[in-house]
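In case you want the letters, here they are:
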Amino acid sequence: MKNIKAKFKINSFTYLLILTSLMTGFIKNIALILLIIIVHECGHIFFIRKYEYSIESVEIFPFGGITKVNKPINTPIKQEMWIALGGVLFQILLFFVFKLLVNVGFIRETTYILFQTYNKSIFFFNLLPMIPLDGSILFHSILEYFFSYHKAYHAYLVISVMAFLFFFLSQIKNSFNNYMILTFLIFRIYEAYKKRKYYENKFYLERFLHEYPYIKIESHSYPDLHKLKKDTLHFFWKKDRYLHEKEFLKSYYSK
């Protein structure tokens, strides 16, 4: 627990927002927003620890949090989805906590309504299929179940860009905070696009160097790296026999 606390950090824009709220009297608002964000990130942390991955950092922004985790690209799809869902599941639990608090009279109805507004906004925002939001990870995981890593990642980028354009057009006339969100999102989408080859090569190298649990087996009529997908063991027909994917990857890396 102490190690996790040491990895929490507050972004400089968050400090600026806290200072602004103190000066303008919106202390309760920012306190509720930060509480929801921290609880959301704790949901991710819970499942990350459950699957025994290591946490690099947890950064709290004015509009959400980013938990960086050290895990392979070949992490099983089921685990990826539970880690992504952890945040919204903890937000649902927080809703019931606040419902109990207002029912017993510990907090006022106005505070509960304010909490509800922020909690719903953050909940649904995180489910949008935009990199790096939880919705994009869930959508990407579903794509990876049906398609190869190569195809799934490209579709993941395209859907993220389309979702961003929709969000941009709907939020362009709103507050300064939304401009910060838009800037952050476009930077992360561009970063994912720029590193697409790096991630793909890392995906192949991991499969060559390590063993991962598989739930499906597929065979293909010719060797093609772009056929490889998560949770699936592949065999490729070459000349007169089937090559195990590791044999094919060995020949690929020995070129």
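Going by the structure above, here's the rest.
Residues numbered from 1 in each chain as written. Predicted model: local features only at pLDDT ≥ 70, side-chain atom pairs only at ≥ 80, totals over all residues. Heavy atoms only, no water.

1. A closer look at the nonpolar core
Soluble, globular proteins show a tendency: their nonpolar side chains are buried together. By size, the foremost hydrophobic cluster in this structure holds 29 residues, and its most contacted members are F125, M130, F167, L185 and L228. Of all the secondary structure elements, the ones that give two or more residues to this core are α7 (149-171), α8 (176-194), α9 (196-209) and α10 (245-253). If we ignore the near neighbours within four places in the chain, the residues touching F167 are F125, L128, M130, I181, L182 and L185. Formed by 24 residues, the second largest nonpolar core is a distinct cluster that contains L34, I36, Y53 and V58. (Core = buried A, V, L, I, M, F, W, Y, C linked by side-chain atoms within 4.5 Å. Buried < 20%, exposed > 50% of the residue type's maximum accessible area, 1.4 Å probe, protein only. Helix = DSSP H or I, 4+ residues; strand = E, 2+ residues; numbered from the N terminus. Contact = heavy atoms within 4.5 Å.)

2. What to know about the sheet that holds strand β5 (residues 232-238)
As summarised here, the arrangement of the three strands in space is β4-β5-β6, forming an open sheet in which the pairing is mixed. Strands at the two margins of the open sheet, each flanked by one partner only, are β4 (216-220) and β6 (241-244). Pairwise comparison of adjacent strand axes, ignoring direction, gives a mean angle of 30 degrees for this sheet. Direction of pairing for β4 relative to β5: parallel, over a ladder of five bridges. Following the sheet pairing, K216 is matched in β5 by T232. Sitting on the sheet, α10 is in contact with β5 and β6, with an inclination near 75 degrees to β6. (Pairing = 2+ DSSP bridges. Axes fitted to C-alpha atoms, helices over the stretch in contact; angles between N-to-C directions.)

3. Here we look at the environment of Y53
Residue placement: Y53 occurs in the loop between α3 (27-50) and β2 (54-61). For Y53 and H140, which are 87 residues apart along the polypeptide, the C-alpha to C-alpha distance reads 20 Å. Within polar-contact distance, the side chain of Y53 engages the side chain of Q79 at 2.5 Å. (Polar contact = N/O pair within 3.5 Å; in protein donor to acceptor, adjacent residues only side chain to side chain.)

4. Thoughts on the sheet that holds strand β3 (residues 64-70)
Taken in spatial order, the three strands make up an open sheet running β1-β2-β3, and their pairing is mixed. A strand with exactly one partner marks an edge of an open sheet, and here the two such strands are β1 (8-10) and β3. With direction set aside, neighbouring strand axes in the sheet form an average angle of 20 degrees. Pairing of β1 with β2 involves three bridges; the strand directions are parallel. From the neighbouring strand, I10 faces β2, where its bridge partner is I60.

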